[in-house]
Amino acid sequence: MKTNPLKKVPCANITIFGAKGDLTNRKLIPALYNLFIENHLPPAFAIYCVDAIQIDEAQFKDELLAGVNSFSRNGAANPVQWKDFAARLVYLQGDFLKEETYLGLKAKMESFDKEHSIRATRMYYFATAPRFIEVIADGLSKYKLATKQLLDRIVVEKPFGTDLETARKLNRYLTKRFAEKQIYRIDHYLGKETVQNILAFRFANYVFEPLWNRKFIDHIQISLAEEVGVGKRGGYYDSAGALRDMIQNHLLQLVCVIGMECPKEYEAEHIRDAKTRVMKSVKLYSPEQVFKDVVRGQYTEGDINGVERPGYREEPQVASGSDTETYVAAKMFIDNERWRGVPFFLRTGKSLPRQSSVIVIQFKDSPHRIFKDDIVPNRLIISIQPELEISLLFESKIPGLEMKLFPVEMDFMYQDAYTGNVPEAYEALLLDVLEGDATLFMRADQVEAAWKVVMPVLDAWKKYPSKKLHFYKSGTWGPVAADALLKPFAKEWFRLPERNNHHE
Ligand code: BG6
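Residues numbered from 1 in each chain as written. Predicted model: local features only at pLDDT ≥ 70, side-chain atom pairs only at ≥ 80, totals over all residues. Heavy atoms only, no water.

Engineer: An account of the site of the ligand is requested, with residue identities and associated values reported.
Structural biologist: The environment of the ligand is formed by Lys158, His188, Tyr189, Lys192, Glu226, Arg233, Asp245, Met246, His250, Lys350 and Gln385. Contact distances for the ligand include 2.8 Å between an oxygen atom and a side-chain N or O atom of Lys350. The separation between an oxygen atom of the ligand and a polar side-chain atom of Gln385 is 2.7 Å. For the ligand, whose accessible area on its own is 400 Å², the fraction buried by protein is 81%. Across the shell around the ligand, the residue classes break down as 2 nonpolar, 3 polar and 6 charged. (Near = heavy atom within 4 Å. Polar contact = N/O pair within 3.5 Å; in protein donor to acceptor, adjacent residues only side chain to side chain. Areas by Shrake-Rupley, 256 points an atom, 1.4 Å probe, with all protein chains shown as cover. Nonpolar A, V, L, I, M, F, W, Y, C, P; charged D, E, K, R; others polar.)

Engineer: Break down the sheet that holds strand 7 (residues 217-225) for me, with residues and values.
Structural biologist: Spatially, 9 strands are ordered 16-15-14-13-7-12-11-8-17 in an open sheet, and the strand pairing comes out mixed. Every other strand in the sheet has two partners, leaving strand 16 (405-413) and strand 17 (469-473) as the edge strands with one partner each. Averaged over neighbouring strand pairs, the angle between their axes works out to 20° when direction is ignored. Along the sheet, helix 7 (residues 193-203) makes contact with strand 13 (356-363), strand 14 (379-385), strand 15 (389-397) and strand 16, crossing strand 14 at roughly 145°. (Pairing = 2+ DSSP bridges. Helix = DSSP H or I, 4+ residues; strand = E, 2+ residues; numbered from the N terminus. Axes fitted to C-alpha atoms, helices over the stretch in contact; angles between N-to-C directions. Contact = heavy atoms within 4.5 Å.)

Engineer: Outline the packing of aromatic side chains, supporting the account with residue identities and numerical values.
Structural biologist: According to the stated counting rule, one finds 28 aromatic pairs in the structure shown. Geometrically, the ring pair formed by Phe17 and Phe96 is edge-to-face, given 5.8 Å between the ring centres and 85° between the ring planes. Highlighted residues: Phe17 in strand 1 (residues 11-17) and Phe96 in the loop between strand 3 (89-93) and helix 4 (99-116), separated in sequence by 79 residues. The residues Phe17 and Phe96 share a single accessibility class, namely buried. When the ring of Phe36 is compared with that of Phe85, the centres are 5.5 Å apart and the planes differ by 45°; the resulting orientation is tilted. A residue pair is termed long-range when its members are at least 10 positions apart, and Phe36 in helix 1 (residues 22-37) and Phe85 in helix 3 (residues 79-86) qualify at 49 residues. (Phe/Tyr/Trp six-rings, centres within 6.5 Å; stacked < 30°, edge-to-face > 60°. Buried < 20%, exposed > 50% of the residue type's maximum accessible area, 1.4 Å probe, protein only.)

Engineer: Please set out the pairing of strand 5 (residues 152-156) residue by residue, giving values where relevant.
Structural biologist: Summarising burial for strand 5: 5 of the 5 residues are buried, a large majority. Of the two faces of strand 5, the one holding Asp152, Ile154 and Val156 and the one holding Arg153 and Val155 are both buried throughout. Here strand 4 (residues 121-126) runs beside strand 5; their pairing, made up of 5 bridges, is parallel. Bridging from a neighbouring strand, Tyr125 pairs with Val155 of strand 5. Taken together, the 3 bridges between strand 5 and strand 6 (residues 183-185) define a ladder with parallel strand orientation. Counterpart to Val155 in the pairing with strand 6 is Tyr184. In this fold, strand 5 hands off to helix 6 (residues 164-177), which returns the chain to strand 6; that crossover is right-handed. (Right-handed = clockwise from strand over helix to strand, strands pointing away.)

Here you go:
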């Protein structure tokens, strides 16, 4: 988090559209509450929670408190602090399509401004189903709720479009109503502490930079494994799939962070330029390559840690014969001077044995051949979650009278190096929006460049919906077909921390 006290805003009007949704309850309110108790929110602020559902305000606040108690990194709320926080919460029942919703909200904000004798910063968070993005954007613009470019911001959640064309259309729609600098397209992976640290690691430590290229790096693996299945989100997920849900955004953003050149300055536009250049250099798949270089899978019934899990097709709101992928593994290349010929292997899946997000930088074999033992090449492991850790694998002599080698690890663990728990991604991101810092948000061209990368895959899969859809049992690490993808570069996928590890 980059809180600069000089940037701290004095007053804020925060609006959440879709206040009765899961995101508000699990992420946004716990994040705002934690910012509040740790003194990061402005001295004066109000949070307007807008939704179409009729609910008594006291009951609504009780639901939010239950959300904080269950999901906040700080555990259950302190009653005194919660009372203070809850006094700033206002529930506004309103239809996103109706004029009175916007006029009612506007009146509230204007009276807040009057009371504090200042025009407060306004943040509008779209925590709604995607079909409401345009509706709300139009309402805000038509009823003039976001007229100040320097103070008023909208936050748009993913999915940002469903393909390149719809993303472009949405960008056009939004940029007709707001300046680009008012639009914060969120990808919560970029707010994760461990992901932010990658830039510090790469560009504040000169020792790695000379090695960070095709001369020394053999390949890179990025794995975002999830233990959860689709749960109650089948309705959304069945028309999205893992490629749209995880690869187009989170995985490709990690590729950018790992692959980018050092920006001229630690400043939003320079950083976003550098990342966009990476996306634009990704080698696009030909239709034939898609079925060779991208593996898709879907989970079937199984068990995870002794708990039985349904197959994807049996999940609520999923079509019975659905071909939607819940697992993707892909090989991709970045066609530039730094990375030409170095494969990036990406994989993500649901209903895997364990949650684990890890980036592995695999260095090349040592050219020296003076030892009898097989040398294990160096490997840098960046653990994003749930372990927060960076470790470097290197060869060492086993103590004793013979020259025998063994690979050992040098570890940096957050819990040993720092006290306190680290802020949640949404805390960092919400604060950035309030402070007008777009560094960790996606610009229009970045989103479109990422869609461009996945479009050949979407097109090929659309044409052949069930071709090479590999099934994997819940509780396994995904389809065996993903192993073949690595050849001839790597022997196997990095073994994620595990409780069991067998294939379908
Ligand atoms: C969301 C996806 O963007 O990211 C979910 O829609 C996924 O399907 C989630 O579960 C993963 O986020 P995290 O922070 O739990 O790794």
